[in-house]
Amino acid sequence: MKLFKTAAIAALTVSCAITFGAPAAQSATLLDFLRGNKSSDTEKSARKNNNTLFGRSNDNFGASLDDDLGGFPDSPKSNRPLPKVSAPKYFTYKADGLKLIAVAKFAPKMETAAADPVQTDPSQTGSIQNVNIIPEMDFSNNPRAFMMDVHAKATADVAAAIEKFYAAHDGLLWVDANGVTQKARDAMAALAEVGNVGLDAADYRVTDPTDTFVAVDATTKQRQLMQFEVELTAAMLSYIQDTQRGRIDPNRIAEYYDFKRKSVNLEGALRVASMSPDIKSYLESRSPSNPQFDALKMELAKLRTEQGGEEARVEIAPGTLLKPGQANDQVPNVIAAIRQHGSDKLKLEHSVTLASYQGTPDYTPELVDVVKAFQTEKGLKGDGVVGKGTIRLLMGGDTASSKIEKVIVAMEQMRWLPNNLGPRYVFINQPAFKVSYHNNNKEEFEMGVVVGSPGHQTFFFEDEIELVEFNPYWGVPRSIIVNEMLPKLREDPSYLDRLGYETSIGGQTMSSTEVDWESTSSVDVRQPPGRGNALGQLKIMFPNSHAIYMHDTPQKSFFKRDMRALSHGCVRLSDPKKMAAAVMGMTIEQIDAEIATGQNHQAKVPERFPVYIAYFTAYPNKDGVVEYFDDVYNRDAYMDKAFAATKKAREVAS
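The following paragraphs examine the structure supplied in this document. (Residues numbered from 1 in each chain as written. Predicted model: local features only at pLDDT ≥ 70, side-chain atom pairs only at ≥ 80, totals over all residues. Heavy atoms only, no water.)

1. Here's the deal with the overall build of the protein chain
Per the secondary structure count, the protein chain includes 20 helices and 22 strands. A burial count over the protein chain gives 49% of its 654 residues as buried. Taking the intrachain contacts of the protein chain between residues at least 6 apart in sequence as the baseline, contacts between residues at least 24 apart amount to 74%. Looking at the protein chain as shown, the accessible area adds up to about 30400 Å², and 50% of this sits on carbon and sulfur atoms. (Helix = DSSP H or I, 4+ residues; strand = E, 2+ residues; numbered from the N terminus. Buried < 20%, exposed > 50% of the residue type's maximum accessible area, 1.4 Å probe, protein only. Contact = heavy atoms within 4.5 Å. Areas by Shrake-Rupley, 256 points an atom, 1.4 Å probe, with all protein chains shown as cover.)

Written out as structure tokens, the structure is:
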């Protein structure tokens, strides 16, 4: 009997899965997608006559999973509007506003004296009463005189720390009887150099009032000193907070970020600063101190030295796609770029071809060999196809300016992570399409990964590895059930049964033909373990609200591609057994034995340890050399917008 449900569709849980293809080489079933099989003409003809589920009689969904073209064909008409599970959103970044520091909480009270009232005739004095209030402040004996006149702003937590500190401590940090102290000037010098760690010195700039003193009276001088005192304290604390946790709150960029923002002990920092004999060293020590951040800092300094002295680039027209055997007016530019950026070894090996080339548009086999050699030495697939990735390297990769931008973004993102990543951890860098395993404070190995496609992006967060599951079930994500399967299931409810998938509602297993796909919205679907399972033979789990994990895959050909943002969000491993052995402290033979049981089962890792699912378009390798990667999700652009919004908020409120 058919079951009906009225519950609303659950919110999207981005998860691993497959990316389905648009019509190409016809393939009839989800199982074909999972295995990457092509259909025979006989099979296609039979399915056409049988009007199979995934498509009308002449509209079967096409291609193998490896084609990854991104969507089923047009959905059949339904009696009911189709529901939709929405993808996570990007936001318009909202920066923290600034507030007035409540100086009344710590400024000395003004002493006042009231003259004796003199009773006079109002018609003569023109007033009802004559009470004269005379402010008196002896600033020679009160170093905080006129602090009540200070008008300074800071973020809410910086303002609160300032108010609490000055209320509990007498005296001043940056001013004495002689005016601005040397300690204050040392602090200002340190804040002027924060560009070295990827921050903007303008955010922490304070004006020294000393040069104006010759033209002002003693009262004005004291007012300026008190303004300077509070402003410099606010600037120092803002810097300490920014350099320890970052200027940007990643969770305000998009729903693809998931971080608990670091708390910074600002009151403690003020106490230490007040006692520090070397304030410049203290402030410099507040930035992250780890090998990765240090490498980025060195790279930034090097790039700024090089900026402006770059060799003129050979420009290749945007959108160029050159394949062997074609003719294209960009071929001369491609060869000129290889002459500029190819290694001496490459140019020597292909010297005859390069010397004899006359600038024609024909992409001959000899020129194809030169391009293949260039691609191979740059770490790309040597296929001779000149597309976006090859063009980027032909043009010299990122310019010094664009590299600087990527390094600054990377330094900001490093502040979101723990200062010490730990002696043992797994680090996934999505734009690099790589994962590395670190143990005993060194990288033991790395391997290629497949991450989420731009339409199904992998999140940026940190967690702990807890489990390895052997012969896993694949729980089909809600987004795939609703967005991609449901239109077809409404046409043929028996589809899941025929593929061997399990369907259930509220934990009750049933045939997919028993489900009323016109009204039911809370069905669970899973694929049993097996050779064609979408997760392969194992998955490595760090349970999280995004249902993201690392796993095996039957689609090994994906790892031959340079651009591997192809999944529904999870991370596919090129060598999953090696990673599983590392996290479990086992041998690969032992992992094989666990898989050989054929049974679905889980094993806890002996000890939990961190995994960082990160997104860095600039990041140092194990040798400390910073490498650069394409921004596959365009997230650096959102970081730039967040920087701009933060700068604007601080300028407007200043």
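2. Quick look at the sheet that holds strand E12 (residues 474-475)
The strand order across the open sheet formed by 4 strands is E12-E15-E13-E14, and the pairing between neighbours is antiparallel. Looking at strand neighbours, the two that pair on one side only are E12 and strand E14 (508-510), the edges of this open sheet. Of the pairings in the sheet, the one linking strand E13 (residues 502-505) to strand E15 (residues 523-527) comprises 4 bridges and is antiparallel in character. Residue pairing across strands places Ile505 opposite Val523, the latter belonging to E15. (Pairing = 2+ DSSP bridges.)

3. Looking at the environment of Trp517
Take Trp517: it is sitting in the loop between E14 and E15. Each C-alpha atom of the pair Trp517 and Leu489 lies 6.5 Å from the other, and the pair is 28 residues apart in sequence. For Trp517, the contacting residues outside a window of four places in its chain are Leu486, Leu489, Arg490, Pro493, Leu496, Ser512 and Val523. Side-chain polar atoms of Trp517 contact the backbone oxygen of Ser512, separated by 3.0 Å. (Polar contact = N/O pair within 3.5 Å; in protein donor to acceptor, adjacent residues only side chain to side chain.)

4. Section: helix H10 (residues 331-341)
Quick reminder: α-helices carry 3.6 residues per turn. Residues three or four places apart thus point the same way. Among the residues of H10, Val331, Val334, Ile335, Ala337 and Ile338 are the ones counted as buried. Buried positions in H10, seen along its axis, are confined to an arc of 155° and lie on one side of it. In this structure, the buried side of H10 is in contact with helix H11 (344-349), helix H12 (351-356), helix H13 (365-377) and helix H14 (388-394). (Arc of directions from axis to C-beta.)

5. Brief notes about the pattern of salt bridges
Inspection of the entire model under this criterion finds 32 salt bridges. With a shortest N-O distance of 2.8 Å, Glu502 and Arg526 are connected by a salt bridge. On the criterion of sequence distance, the pair formed by Glu502 in strand E13 and Arg526 in strand E15 is long-range, its members being 24 residues apart. Judged by its relative accessible area of 35%, Arg526 is partly exposed. Among the charged side chains, a salt-bridge network with shared partners connects Asp96, Asp249, Arg252 and Arg261. (Salt bridge = Lys/Arg side-chain N within 4 Å of Asp/Glu carboxyl O.)

6. Regarding helix H5 (residues 182-192)
Residues of H5 that are buried: Ala184, Ala187, Met188, Ala190 and Leu191. With its buried residues spanning 160° around the axis, H5 presents them on a single face. Seen from the open side of H5, the exposed residues pointing more than 90 degrees away from its buried face are Gln182 and Ala192. In this structure, the buried residues of H5 make contact with strand E6 (179-180), helix H6 (218-245) and helix H8 (279-284).

7. Regarding the packing of H10 against H13
Taken N-terminus to C-terminus, the directions of H10 and H13 make an angle of 45°; their axes are 11 Å apart at the nearest point. With respect to each other, H10 and H13 are oriented oblique. Crossing of H10 over H13 shows left-handed handedness. Side by side, H10 and H13 meet where Val331, Val334, Ile335, Ile338 and His341 of the first sit next to Leu367, Val370, Val371, Phe374 and Glu377 of the second. Of the residues that constitute the contact of H10 with H13, the class distribution is 8 nonpolar, 1 polar and 1 charged. (Axes fitted to C-alpha atoms, helices over the stretch in contact; angles between N-to-C directions. Parallel < 35°, antiparallel > 145°, perpendicular 65-115°, else oblique. Left-handed = near helix turned anticlockwise from the far one by under 90°. Nonpolar A, V, L, I, M, F, W, Y, C, P; charged D, E, K, R; others polar.)

8. Things to note about the side chain of Asn544
With respect to the element layout, Asn544 can be found in the loop between strand E16 (538-541) and strand E17 (550-551). Within the local environment of Asn544, its side chain forms a polar contact with the backbone nitrogen of His546, the two atoms lying 3.0 Å apart. Within the local environment of Asn544, its side chain forms a polar contact with the backbone nitrogen of Ala547, the two atoms lying 3.1 Å apart.

9. Here we look at the packing of helix H18 (residues 576-584) against helix H19 (residues 588-596)
Here H18 crosses H19 at 105°, and the two axes come no closer than 9 Å. With respect to H19, the axis of H18 lies roughly perpendicular. Between H18 and H19, the residues in contact are Lys577, Lys578, Ala580 and Ala581 and Ile588, Ile591, Asp592 and Ile595, respectively. For the contact of H18 with H19, the per-class residue count stands at 5 nonpolar, no polar and 3 charged.

10. Let's talk about unusual backbone geometry
For Phe146, which is not glycine, the phi torsion reads 65° and is therefore positive. Mapping Phe146 onto the fold places it in the loop between strand E3 (133-136) and strand E4 (153-154). Assessed through its relative accessible area of 10%, Phe146 is described here as buried. For Asn471, which is not glycine, the phi torsion reads 50° and is therefore positive. Its location among the elements puts Asn471 in the loop between strand E11 (460-470) and E12. Residue classification places Asn471 among the buried residues on the basis of a relative accessible area of 9%.

These results come straight from atomic positions and should not be treated as a statement about function.
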